[in-house]
Amino acid sequence: MTIKEYVSCRKQQLKDVVNTLTKVPQLIIINANEDPASKSYINGKLKDAALLNIDAKLIQLEPNVTQEQLIRLIEKYNDDSNCDGIIVQLPLPKHIDESIIKLTISKDKDVDGFHPLGTLNPCTPQGIINYLHHENITLEGKNALVIGRSNIVGKPMAKLLLNENCNVTICHSKTKFTDLKNYVENADIIVIAIGKNGFLDERFNYKSDAIIIDVGINRTLEGLKGDAKENLPVKLQTPVPGGVGLLTRLALYENLIKICLTKEKNNDGI
Ligand code: NAP
């Protein structure tokens, strides 16, 4: 099954779950930037919401909004019992401290899974794990290599793979190229998230049954490209576009629906 097919099938299942809920889930998306890439991500999220019968509202702010104003707005929705989830679209304008904003969103409404005290995981790594499970890929005891150590992808990805009992190695820009080649050669699963078009290429040797999960999104004159060159000699390689981006979008609504189900369960117990 391709990722597109998997995502569309899972969306149908999620829609069925949404239809069993006593209240229509509400997601608030706050955007304060004018970045065209963010606009297209938000449009994707709104499109998914409409398909899943989820009430998603976009609040578009001016880029000169102050940190205080943004915090007050988030707090308003933290206190609004009709609102189930809040997303603040990144990147934020430079004068706003992203780490403060991430902590302002209630951990119980943090659909992006960024709050350190929350129970949900960031959407990209969680979406990847969900997909690997769906494909019945055995993770236990496998050598997993994560290239990139960002807080939203690389680090949480490594943690989730470790939770799956993989032997996890993390590489980054300071890893020596000769070492990276050795890690790649021994890897069963490679997750690459560095933002470098076609970085994984024929300079490296791959296990023939390796799996490459390509998180990278690089805008080129030929369109969107991943961090891995296309058609590497491995068992499975996720495409860009039509790969991890779709899994991330899906995981966002998986997270929102988890929040709603937990709320309903807790209300039942009162
Ligand atoms: P980021 O915050 O820019 O971090 C990039 C990471 O790559 C850093 O840890 C950096 O190492 C490492 N790196 C850079 N050059 C390297 C090299 N030559 N060799 C090894 N490691 C290198 O990136 P991010 O936010 O994780 O995003 C990474 C890519 O994934 C971007 O293309 C982004 O657009 C894409 N992305 C896609 C999705 C999706 O849903 N598909 C979601 C999120 C991100 P240092 O730490 O040493 O600097």
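This report concerns the structure included in the present document. In this text the structure is predicted, and so the values were computed from the model without any measurement.

1. Considerations on the side chain of D214
Relative to the helices and strands, D214 resides in strand β7 (residues 211-214). Within the buried core, D214 has no salt-bridge partner, and the shortest N-O distance to an opposite charge, that of K225, equals 10 Å. Looking at D214, its side chain comes within polar contact range of the main-chain nitrogen of D227, at 2.8 Å. From its side chain, D214 meets the backbone nitrogen of A228 in a polar contact 3.0 Å long. Those residues in contact with D214, other than ones at most four positions away along the chain, are I192, G226, D227, A228, T238, V240 and V244.

2. Focus: the pairing of strand β3 (residues 85-88)
Side-chain alternation along β3 places G85 and I87 on one buried face and I86 and V88 on a second face that is also buried. Bridge count between strand β1 (residues 26-31) and β3: four bridges; the pairing is parallel. Within β3, the position partnered with I28 by the bridge is I86.

3. Description of the site of the ligand
Taken together, 20 residues surround the ligand, and among them R149, S150, S173, I217 and T248 come closest. Within the contact set of the ligand, an oxygen atom lies 3.0 Å away from a backbone nitrogen or oxygen of I217. Protein chains bury 70% of the 930 Å² of accessible surface belonging to the ligand in isolation. Residue contributions to the shell around the ligand peak at three residues, all from helix α8 (residues 244-268).

4. Details of the packing of aromatic side chains
Applying the stated criterion to the full structure yields four aromatic pairs. Ring centres of Y6 and Y131 lie 5.5 Å apart, and the angle between their planes is 55 degrees; on these two criteria the pair is classed as tilted. Linking Y6 in helix α1 (residues 3-20) with Y131 in helix α5 (residues 123-134), this pair joins segments that are 125 residues apart in sequence. Ring centres of F204 and Y206 lie 6.4 Å apart, and the angle between their planes is 50 degrees; on these two criteria the pair is classed as tilted. What makes F204 buried here is its relative accessible area of 3%. Members of the aromatic cluster, joined through ring pairs, are F177, F199, F204 and Y206. Just above the ring of F114 sits the side chain of K102; from NZ or CZ to the centre is 4.7 Å.

Conventions and cut-offs
Residues numbered from 1 in each chain as written. Predicted model: local features only at pLDDT ≥ 70, side-chain atom pairs only at ≥ 80, totals over all residues. Heavy atoms only, no water. Helix = DSSP H or I, 4+ residues; strand = E, 2+ residues; numbered from the N terminus. Buried < 20%, exposed > 50% of the residue type's maximum accessible area, 1.4 Å probe, protein only. Lys, Arg positive; Asp, Glu negative; His and termini not counted. Salt bridge = Lys/Arg side-chain N within 4 Å of Asp/Glu carboxyl O. Polar contact = N/O pair within 3.5 Å; in protein donor to acceptor, adjacent residues only side chain to side chain. Contact = heavy atoms within 4.5 Å. Pairing = 2+ DSSP bridges. Near = heavy atom within 4 Å. Areas by Shrake-Rupley, 256 points an atom, 1.4 Å probe, with all protein chains shown as cover. Phe/Tyr/Trp six-rings, centres within 6.5 Å; stacked < 30°, edge-to-face > 60°. Lys NZ or Arg CZ within 6 Å of the ring centre and 35° of its normal.

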